[in-house]
Every structure is written in C-alpha cells, then in structure tokens.
Amino acid sequence: MIKGFTYILTNKNFTVVYVGATKDLKSRIDCHRNGTGAVFTKKYNATNLIYFEEFDDFHDAFAREKQLKNWHNEWKWNLVKVSNPELKDLYLEL
C-alpha cells in the first residue's frame, strides 16, 4: 500500500491557507517552494508547511484533503494550532 499525506501551507504573514495531498510530502513541498507547485501557492507565496497528517493509504489522504477544503478557514487554523501552536515551518523537520 502507498502512503499519503494531507498538508496545510501558509505564507509568511499567515494570511492564506492552502490544503493539499500527496504521496511524497518532501518533494511536493519542494515543488511549492520553487514555484512549480500549485498556481495558488505561487501567487500567494504559501510555502510554509504548518500541518500535515500521514495516512497508510493515499486514498485516505486525498479524501481528507477534500474534507479539509470544505472547512471554514477558522476551523483549519484551529486544527493547525492544536498540533503546532507556534506555527513553526515543519518543512525543516522532514
């Protein structure tokens, strides 16, 4: 079975939230950081990884992405702050 990840990115001012899912978290975040990820992340410079979840099956990760995309931004921020209250860039820990 192929693992998957759901993740949340923000910009340096914490004004935007981007939710994504991938099979390879580090390489996907690298894409966002060098401008070859999503158009949204490039436009708003959302490159700080502030939250991620790991799943044993990538289908579950993509289902979770769809769920989180339907959440209000306040709910997403609350989710992030439970596990990362200082809003550290978790990319450095990958």
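Anything mentioned here points back to the structure above.
Note that the structure is predicted; figures quoted are calculated from it, not measured. (Residues numbered from 1 in each chain as written. Predicted model: local features only at pLDDT ≥ 70, side-chain atom pairs only at ≥ 80, totals over all residues. Heavy atoms only, no water.)

K.L.:
Even after reading the chapter, I still don't get the environment of Trp77, so can you show me in this structure?
P.N.:
With respect to the helices, strands and loops of the structure, Trp77 is situated in helix 4 (residues 73–83). With a relative accessible area of 16%, Trp77 lands in the buried category. Sequence separation of Trp77 and Ala38 is 39 residues, and the distance between their C-alpha atoms is 20 Å. Setting aside its immediate chain neighbours within four residues, Trp77 contacts Thr10, Phe14, Val16, Val17, Ile50 and Leu87. (Helix = DSSP H or I, 4+ residues; strand = E, 2+ residues; numbered from the N terminus. Buried < 20%, exposed > 50% of the residue type's maximum accessible area, 1.4 Å probe, protein only. Contact = heavy atoms within 4.5 Å.)

K.L.:
Would you take a moment to explain unusual backbone geometry for this structure?
P.N.:
What is expected of a backbone is that most residues other than glycine have negative phi and most peptide bonds are trans. Phi at Asn45 is positive, roughly 55°, even though this residue is not glycine. Position of Asn45 relative to the elements: it lies in the loop between helix 2 (39–44) and strand 3 (48–55). Here Asn45 falls in the partly exposed class, since its relative accessible area comes to 45%. Positive phi, normally seen in glycine, also occurs at Leu87, with a value near 55°. Along the chain, the position of Leu87 falls in the segment after helix 4.

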